[in-house]
Amino acid sequence: MVKSAPPPLTSRKPSKVEGIKENSNFLREPVATQILEDTTHFSEDAIQILKFHGSYQQDNRDNRVKGQEKDYQFMLRTKNPGGLVPPQLYLALDKLADEYGNHTLRATTRQGFQLHGILKKNLKAAIATIIKNLGSTLGACGDINRNVMAPPAPFKNQPEYQYAWEYAQNIADLLSPQTGAYYEIWLDGEKAISAEESPEVKAARVRNGNGTIIHDTEEPIYGTYYMPRKFKVSVTVTGDNSIDLYSQDLTLVVITDSQGDLQGFNIFAGGGLGRTHNKEETFARIADPIGYVNKADVYDAVKAIVATQRDYGDRTDRRHARLKYLINDWGVDKFRAKVEEYFGKPLAPFQELPEFKYHDFLGWHEQGDGNLFLGISIDNGRVKDEGSFKLKTALREIVEQFNLPIRLTANQNLIFYEIAPENKAAIQAILDRCGVVSDPNTIDPLVRYAMACPALPTCGLAITESERAIPGILERIRAVLDKVGLQNEHFVVRMTGCPNGCARPYMAELGFVGSAPESYQVWLGGSPNQTRLAQPYVEKLHHNDIESFLEPIFVYFKQSRTSQESFGDFCDRVGFDAIREFASQYEPEAAVTVEPEAPKATSKSRKARYRVSLHDDLYTKLKTTATSQGRSMTDLVKEALEAYFQTLP
Ligand code: SRM
Ligand code: SF4
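Read on for an overview of the structure. Bear in mind that the values here come from a model prediction, so they are computed numbers and not experimental data. (Residues numbered from 1 in each chain as written. Chains lettered and ligands numbered in written order. Predicted model: local features only at pLDDT ≥ 70, side-chain atom pairs only at ≥ 80, totals over all residues. Heavy atoms only, no water.)

**A short note on the pairing of strand 19 (residues 510-516)**
- Counting buried positions over the seven residues of strand 19 gives seven, a clear majority of the element.
- The pairing of strand 19 with strand 20 (residues 519-524) spans six bridges and is classified as antiparallel. Note on strand 20: the bridge partner recorded for Gly-511 is Trp-523.
- Counting the residues that bridge the hairpin from strand 19 to strand 20 gives two residues, and of these Glu-518 lies at a positive phi of roughly 65 degrees. (Buried < 20%, exposed > 50% of the residue type's maximum accessible area, 1.4 Å probe, protein only. Helix = DSSP H or I, 4+ residues; strand = E, 2+ residues; numbered from the N terminus. Pairing = 2+ DSSP bridges.)

Given below as structure tokens:
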């Protein structure tokens, strides 16, 4: 097998993964050998290559027992350009979740599905089933182009949305790995039936740019070493930020003329969110505008950007390997100049764009051709049946009965489309019977716009809880908002169990990023439409302290916001010094505080106060009693506690 030349890099040693890729024979080994072995798990090297096939080796962290083998299991991730899940694939995934998985499906933040809990012995059957049902997991993970995102809305009368779908699919095809490894391993060499690639894409893949192609290898675009790190692309339309465009390595924005005909694309590059706590050299970064390209040249421009990162991205340090670091280190001008070398001509200037808005497309809508679409909220992306809430059953029945395609959203929700109006009532009846809400206005907007990553127990990198913790935390945030008189307020809350940022918390108005067990770094100041990066406000907030932490900030927001100002915009405008100053002076109105008798607080030192949380009903009783007796709540609590302690031995 011909190998491409090693990446032209510095004198520093390439990272270990580069060697694993080199020795893998284009993603074959050691997976091909080890999948045949009767073992529960793969070797370290195989785990790295397995990622390119769309699977992660994990273990159920709830079941870890010292001295015993881990409870090994596998996560499978599908790649669905533009979030498209054909009905046949959905039904196959639903069945796989029950047959081999943990009986749930998880819609991801990049418009894919994940299955969790698959045993090694079932991995091959699971992947083969996905491929045979028009799906793929190839390149869903690994150092390669990941799922290409696009706004999920099926507006048939807005051609720009159709272009976004078309180009998301075509760029996914252009950058899909060409190795035969995937079908050899999972289908014993059988070729999968898949949709025909556009002839333009086929031609573009092998067209020699100025060094964009690596000759005589199985992978003309990637070569032996693939990318230095994951690479993430989205295609959107002007004004639509439903895919978090600033967080991507590369975003194309469809530009049409007044007739709705496609002209070209604005290019953004260099976004990325993953970071590591206490390592300043790692950071979240939003993408920069780079230029504009005519539609005829778009594939060459994409290849030029990919080649720039392929050849100059840092292969020695995986923490510094994403495109965002290359652009940050070089600056946009040097980056653009290098891309233009590969492209063979200058990029045109970036075209002015209207403001981007965030849309979640939930509820029933006209899709512009007489048919309807329906956006369904999935709490943190987890499709499951639980008690009388039967989301998994409802989705399966709808697909079975009406054969509807699905578009997954970037907010872990999904859209059914191509719905004939006469089927609306029957679909609504299934949802009602299964306890699934279809009117988004009945969902608390704090919940509606929130996201959390899976974290524990499946994610090996989780420092603390996320998906399992966020429902309770949102309820508590709602209670604090109610308490300070902000009953109808809402903003974007996102949470992750570690700083990798899978639920994009750094773009939220209030972001929680796991920083220690049960503790979070808190980020404030993102915008409601995710066009501005938030900033870290505190490093470690124990979740027990969420109320006392948020209350002063919310009170300040209530007192000093300008009309209609969102929480994120407010935090960004007033700045963290002002928020800290306000919080340090803040005396909670109705909180129960117990003051120590000594030492006496002086005017200079802040009084030491210890906060105790009470449930609503107890708090109301306490307040009523204190008012009726004309005493302070603090005194009553002190008295009650002293009496209680006297009863102890
Ligand atoms: Fe992610 C690693 C889950 C979107 C940044 N991500 C992981 C792994 C595979 C953990 C691991 O490496 O062992 C997580 C599996 C957890 C589990 O148990 O399922 C995981 N990431 C997810 C998903 C499922 C989160 C979700 O709530 O939906 C998302 C799958 C998307 C998909 O369908 O492809 C997911 N991950 C993201 C995003 C958001 C995005 O892509 O829009 C980011 C931030 C954007 C970015 O890439 O900069 C993201 N994930 C990471 C990183 C940090 C990358 C970096 O540059 O530092 C890691 C760790 C790594 O790569 O080393 C990671
Ligand atoms: Fe795991 Fe961290 Fe990603 Fe959450 S953010 S899924 S904890 S890697």
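That covers the picture; the talk isn't over yet.
**Quick notes on the sheet that holds strand 6 (residues 233-237)**
- Pairing within the open sheet is mixed, and its four strands lie in the order 6-7-8-9. Looking along the sheet, the strands with just one partner apiece sit at the ends: strand 6 and strand 9 (288-294). Within the sheet, the average angular offset between the axes of one strand and its neighbour, ignoring direction, is 25 degrees.
- Its contacts with the sheet place helix 6 (residues 159-174) against strand 6, strand 7 (250-256) and strand 8 (262-269), and it is angled at close to 165 degrees to strand 6.
- Its contacts with the sheet place helix 11 (residues 332-343) against strand 8 and strand 9, and it is angled at close to 25 degrees to strand 9. (Axes fitted to C-alpha atoms, helices over the stretch in contact; angles between N-to-C directions. Contact = heavy atoms within 4.5 Å.)

**Quick word on helix 12 (residues 391-402)**
- With 12 residues, helix 12 extends 16 Å between its outermost C-alpha atoms, agreeing within 8% with the 16 Å of an ideal straight helix rising 1.5 Å per residue.
- Judged by how many residues are buried, helix 12 sits mostly within the fold: nine of 12 residues are covered.
- When helix 12 is considered as a whole, its buried residues turn out to be Leu-391, Lys-392, Thr-393, Ala-394, Leu-395, Glu-397, Ile-398, Val-399 and Phe-402.
- Taken from the residues just after helix 12, Asn-403 is the one with a positive phi, measuring 50 degrees. (Expected span 1.5 Å × (residues − 1).)

**Considering the environment of Phe-26**
- Turning to its location among the elements, Phe-26 is positioned in the loop between helix 1 (16-22) and helix 2 (31-34).
- Phe-26 sits 198 residues away from Thr-224 along the chain, and the two C-alpha atoms are 6.5 Å apart.

**Some details on the pattern of salt bridges**
- Under the counting rule described, the total for this entry stands at 38 salt bridges.
- Glu-467 serves as the salt-bridge partner of Arg-106, at 2.8 Å between the closest nitrogen and oxygen. Taken as a pair, Arg-106 in strand 4 (residues 105-107) and Glu-467 in the loop between strand 17 (451-452) and helix 15 (470-483) lie far apart in primary sequence, 361 residues in all.
- Taking the relative accessible area as the measure of exposure, Arg-106 reaches 3% and is therefore buried.
- The class of Glu-467 is buried, set by a relative accessible area of 12%.
- Here Arg-318 ties to Asp-143 by a salt bridge, and the two come within 2.9 Å at their closest N and O atoms. Pair noted here: Arg-318 is in the loop between helix 9 (298-312) and helix 10 (323-330) and Asp-143 is in the loop between helix 5 (120-132) and helix 6, with a separation of 175 residues, a long-range link.
- Among the charged side chains, a salt-bridge network with shared partners connects Glu-18, Lys-21, Asp-143, Arg-315 and Arg-318. (Salt bridge = Lys/Arg side-chain N within 4 Å of Asp/Glu carboxyl O.)

**With respect to unusual backbone geometry**
- Here Glu-29 and Pro-30 are connected by a cis peptide whose omega angle stands at 5 degrees.
- Position of Pro-30 relative to the elements: it lies in the loop between helix 1 and helix 2.
- Following Leu-456, the chain continues into Pro-457 via a peptide bond in cis, with omega recorded as 5 degrees.
- Looking at the element boundaries, Pro-457 is found in the loop between strand 17 and helix 15.
- The residue Gln-111 is not glycine, and still its phi comes out positive at about 65 degrees.

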